[in-house]
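Okay, here's what each chain looks like letter by letter:
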Amino acid sequence: MMTEEEKKYKKWIVTLSIVIPVAVAILFGVNLRKLGYDVQPLSFLPPIYAAINGLTAVLLFMAVAAIKKGNIKLHENLVKVCMGCSVAFLVMYVAYHMTSDSTPYGGEGVIRYVYFFILITHILLSIIIIPFVLFTFVRGIAGAYERHKKLARITYPMWMYVAVTGVIVYLMISPYYTH
């Protein structure tokens, strides 16, 4: 049974789960330099947002360890920081792509297929994960702990996959960046 708090946030979660991917897709296709704006490429951002993905993975692991030890407040705070990291990643990712040309992957052979498999699954899960993270979080703060725990068992591995593969994608494409 959904708590009142969950009902209160459901519309927001559904809205954000649609608006965020659509906004990112639209903004991803907007290049300010090509539109005539005099902006410098933010070419310094990819290693920063890759590091944020790595930090998110570490903090997610720590959040699970904290809850297993019964430290609810630390768990909640770490998850909030992970959510903040995910937002920071998204802002930097969009800013980079709005000011820089896309970097084509230069690998050849089997590694090219591996890269695109990782990239595509990373992108798809980064969209799918949005409502999972938000519903899991709201269940936790609403005190629906059993339902929170049940959903977190699905959310955690997906979020961890997105965070780790974000780093892997960066490491695989970084030799092809032009500065």
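Asker: Help me out: how do you make sense of the overall build of the protein chain in this one?
Answerer: Counting secondary structure elements, the protein chain contains five helices and zero strands. Along the protein chain, from the amino end to the carboxyl end, the secondary structure elements read α-α-α-α-α. When the backbone C-alpha atoms are referred to their principal axes, the protein chain occupies close to 50 × 35 × 25 Å. Scored against the burial criterion, the 179 residues of the protein chain give a buried share of 37%. Nonlocal contacts in the protein chain, meaning residues at least 24 apart in sequence, comprise 80% of its contacts between residues at least 6 apart. Accessible surface computed for the protein chain: about 10800 Å², of which carbon and sulfur atoms make up 72%. Of note, the protein chain has its 16 positive side-chain charges centred 7 Å away from the centre of its 8 negative side-chain charges.

Asker: Would you explain the pattern of salt bridges in this entry?
Answerer: Two side chains that carry opposite charge are able to pair once their charged atoms sit near each other. The final tally for this structure, using the stated rule, is six salt bridges. Of the charged contacts, one joins E6 and R139 as a salt bridge, the two residues approaching to 3.3 Å between their closest N and O atoms. Highlighted residues: E6 in helix α1 (residues 4-28) and R139 in helix α4 (residues 110-141), separated in sequence by 133 residues. With respect to burial, E6 and R139 carry one shared label: buried. R147 serves as the salt-bridge partner of E6, at 2.7 Å between the closest nitrogen and oxygen. With E6 in helix α1 and R147 in helix α5 (residues 145-173), this residue pair connects regions lying 141 residues apart in the sequence.

Asker: Looking at this structure, how should I read the packing of helix α3 (residues 72-99) against α4?
Answerer: It is the contact of α3 with α4, at a shortest axis distance of 12 Å, that shows an interaxial angle of 155°. Here α3 is positioned roughly antiparallel relative to α4, judged by the angle of their axes. Of the two possible hands of crossing, α3 and α4 adopt the one that is left-handed. Residues E76, V79, K80 and M83 of α3 form the contact with α4, whose participating residues are V133, L134, F137 and I141. A class-by-class count of the residues in the contact of α3 with α4 yields six nonpolar, no polar and two charged.

Asker: Just checking my understanding: could you explain a nonpolar patch on the surface for this structure?
Answerer: A grouping of F116, I120, I123, L124, I127 and I128 is seen on the molecular surface, where their side chains present a nonpolar patch of about 490 Å² in accessible area. Looking at the secondary structure, you find I128 in helix α4.

Asker: What exactly am I supposed to notice about the environment of G143 here?
Answerer: Checked against the element boundaries, G143 lands in the loop between α4 and α5. Residue G143 is classed as partly exposed on the basis of its relative accessible area, which comes to 35%. Spatially, the C-alpha atom of G143 lies 22 Å from that of S17, the residues being 126 residues apart in sequence.

Rules used in this analysis
Going along each chain's sequence as written, the residues are numbered from 1 onward. Totals for whole chains, interfaces and linings use all residues, but because this is a predicted model, local features are given only for residues with pLDDT of at least 70 and pairs of side-chain atoms are given and counted only at 80 or more. Computation of side-chain values covers all heavy atoms of the structure but excludes hydrogens and water. Secondary structure elements are taken from DSSP: a helix is a run of H or I of four residues or more, a strand is a run of E of two residues or more, and numbering for both begins at the N terminus. The classification of residues rests on relative accessible area computed with a 1.4 Å probe and restricted to protein chains. Under 20% of the type maximum is buried, over 50% is exposed, and intermediate values are partly exposed. Should any heavy atoms of two residues lie within 4.5 Å, those residues are considered in contact. All accessible areas in this document rest on Shrake-Rupley with a 1.4 Å probe, and a residue is counted as covered only by the protein chains that are shown. Charge convention: Lys and Arg are scored as positive, Asp and Glu as negative, and His as well as the terminal groups of each chain are ignored. For charged residues, the charge sits on one atom: NZ in Lys, CZ in Arg, CG in Asp, CD in Glu. Salt bridges are counted wherever a side-chain nitrogen of Lys or Arg sits within 4 Å of a carboxyl oxygen of Asp or Glu. The convention used is that axes are lines fitted to C-alpha atoms, helices contributing only their stretch in contact, and that angles between N-to-C directions extend from 0 to 180 degrees. Each angle is binned into one of four classes, with values under 35 degrees roughly parallel, values over 145 roughly antiparallel, values of 65 to 115 roughly perpendicular, and all other values oblique. Note on convention: near helix rotated counterclockwise from far helix by under a right angle means a left-handed crossing. Clockwise means right-handed. As a working rule, the residues Ala, Val, Leu, Ile, Met, Phe, Trp, Tyr, Cys and Pro are called nonpolar, Asp, Glu, Lys and Arg charged, and the rest polar, with Gly in that last group. For patch building, the residue pool is restricted to those with more than 30% relative accessible area and no salt bridge; the joining distance is 9 Å between like charges and 5 Å between nonpolar side chains (Val, Leu, Ile, Met, Phe, Trp, Tyr).

Geometric values such as these leave the question of function open.
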